[in-house]
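Chain residues, written in single-letter form:
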Amino acid sequence: MSVSPRDLLRGVRVAPSILSADFGRLHEQVGEVLAAGARVIHVDVMDGHFVPPITVGPLVVAALTQQVHDAGAMLDVHLMIERPEHQALEFVKAGADSVTFHAEATPHVAYAASVIRDAGACVGVAINPATPVSALAEVDDVIDLALCMTVNPGWGGQQFIARSVGKIARVRAVVADEVAVEVDGGIAPDSAPACRQAGASVFVAGSAIFRAEDPGEAYLAIARSVGAE
């Protein structure tokens, strides 16, 4: 990559989530959003415990790594799993450039962050809609990204929780200026601008992009709505 993952996260970005992609055409659809300008590809990992569904593992990350990196983009892996400190290293080895885990999923948030940092990847910490923003304030010196969930984690296609806008502003206020604020859930051209105004800069969108007839154009519609790079 010509631009480092940390520098990519410092910009305003739309991050297409492959959770909603057609896995029979995964490389093709990822290629469409990369060609449209996406530079952050989001991978949702679910274990059937922290959240009910089970999704993908390191092998899918490894399968996308060369394609994504050759396009000058990064892989943003979101672990919705219990005890992420036990699995995070495998995702970095597979090619993840950034690994985000949930504050609710481990009693050892600082240790989990150090596992990811020591492996050379960017560190993200996520909080669920009912989790206070104070969970992020305690670790803002060891993270690159703070993820404010705007739906309850576990399923694609959920409706954006409107009260999340106020919470995004509180997240932005408690984390360091250099920490990116990411939002995930119900993000579309009509919901993303309010999140941007509240302080978000990275916008994860799954169904709004990959369930559209033209994923590249759907990506561009959200990117234009927030002035993404």
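This section reports on the structure supplied with the text.

Reading the values: the criteria
- Residues numbered from 1 in each chain as written.
- Predicted model: local features only at pLDDT ≥ 70, side-chain atom pairs only at ≥ 80, totals over all residues.
- Heavy atoms only, no water.
- Pairing = 2+ DSSP bridges.
- Helix = DSSP H or I, 4+ residues; strand = E, 2+ residues; numbered from the N terminus.
- Axes fitted to C-alpha atoms, helices over the stretch in contact; angles between N-to-C directions.
- Contact = heavy atoms within 4.5 Å.
- Core = buried A, V, L, I, M, F, W, Y, C linked by side-chain atoms within 4.5 Å.
- Buried < 20%, exposed > 50% of the residue type's maximum accessible area, 1.4 Å probe, protein only.
- Expected span 1.5 Å × (residues − 1).
- Bend = angle between axes of the 7 residues up to and from the residue.
- Parallel < 35°, antiparallel > 145°, perpendicular 65-115°, else oblique.
- Left-handed = near helix turned anticlockwise from the far one by under 90°.
- Nonpolar A, V, L, I, M, F, W, Y, C, P; charged D, E, K, R; others polar.

### Focus: the sheet that holds strand E2 (residues 40-46)
Two orientations exist for strands paired in a sheet by backbone hydrogen bonds: parallel and antiparallel.
Okay, so step 1: With parallel pairing, the eight strands of this open sheet are ordered in space as E1-E8-E7-E6-E5-E4-E3-E2. Single-partner strands in this sheet number two, and they are strand E1 (13-16) and E2. Going across the sheet, the axis of each strand differs from the next one's by a mean of 25 degrees, ignoring polarity.
Okay, so step 2: Taken strand by strand, helix H10 (residues 215-226) contacts E1 and strand E8 (202-205), and its axis lies near 155 degrees from that of E1.

### Section: the nonpolar core
Okay, so step 1: Counting 66 residues, the largest nonpolar core has Val14, Ile18, Ile41, Ile187 and Phe203 as the members making the most contacts within it.
Okay, so step 2: Beyond its immediate stretch of four places on either side in the chain, isoleucine 41 contacts Pro16, Ile18, Val30, Val33, Leu34, Val68, Met74, Leu75 and Asp76.
Okay, so step 3: By size, the runner-up hydrophobic cluster in this structure holds 14 residues, among which are Ala15, Met74, Leu147 and Met149.

### With respect to helix H3 (residues 58-70)
Okay, so step 1: The end-to-end C-alpha distance of H3, which contains 13 residues, comes to 19 Å, matching closely the 18 Å that a straight helix rising 1.5 Å per residue would cover.
Okay, so step 2: Its maximal kink placed at leucine 64, H3 deviates by approximately 40 degrees.
Okay, so step 3: Taken together, the buried positions of H3 are Val60, Val61, Leu64, Thr65 and Val68.
Okay, so step 4: The positive-phi residue at the C-terminal boundary of H3 is glycine 72, with phi of around 75 degrees.

### Quick look at the environment of valine 40
Okay, so step 1: Among the secondary structure elements, valine 40 is positioned in strand E2.
Okay, so step 2: Overall, the relative accessible area of 0% leaves valine 40 in the buried class.
Okay, so step 3: Placed 34 residues apart in sequence, valine 40 and methionine 74 show a C-alpha to C-alpha distance of 5.0 Å.
Okay, so step 4: Once you skip the residues sitting within four places of it in the chain, valine 40 turns out to touch Arg13, Val14, Ala15, Pro16, Ala73, Met74 and Asp76.

### Topic: the side chain of threonine 100
Okay, so step 1: In this structure, threonine 100 sits in strand E4 (residues 98-102).
Okay, so step 2: When neighbours within four sequence positions are excluded, threonine 100 is seen to be in contact with Asp76, Val77, His78, Leu79, Gly124, Val125, Ala126, Leu145 and Leu147.

### Quick word on the pairing of E1
Two faces make up the sheet, and in a regular strand the side chains alternate between them.
Okay, so step 1: Taking every second residue as pointing to the same face, both faces of E1 are buried, with Arg13 and Ala15 on one and Val14 and Pro16 on the other.
Okay, so step 2: Of the pairings in the sheet, the one linking E1 to E8 comprises four bridges and is parallel in character. Among the inter-strand pairings, alanine 15 is bridged to a residue of E8, identified as valine 204.

### Here we look at the packing of helix H2 (residues 26-36) against H3
Okay, so step 1: Across the interface, H2 lies against H3 with an axial gap of 11 Å and an inter-helix angle of 40 degrees. On the basis of their axis angle, the class for H2 and H3 is oblique. Between H2 and H3 lies a crossing whose hand is right-handed. On H3, the residues touching Leu26, His27, Val30, Gly31 and Leu34 of H2 are Val60, Ala63, Leu64, Gln67 and Val68.
Okay, so step 2: Each residue belonging to the contact of H2 with H3 can be placed in one class, and the counts come to seven nonpolar, three polar and no charged.

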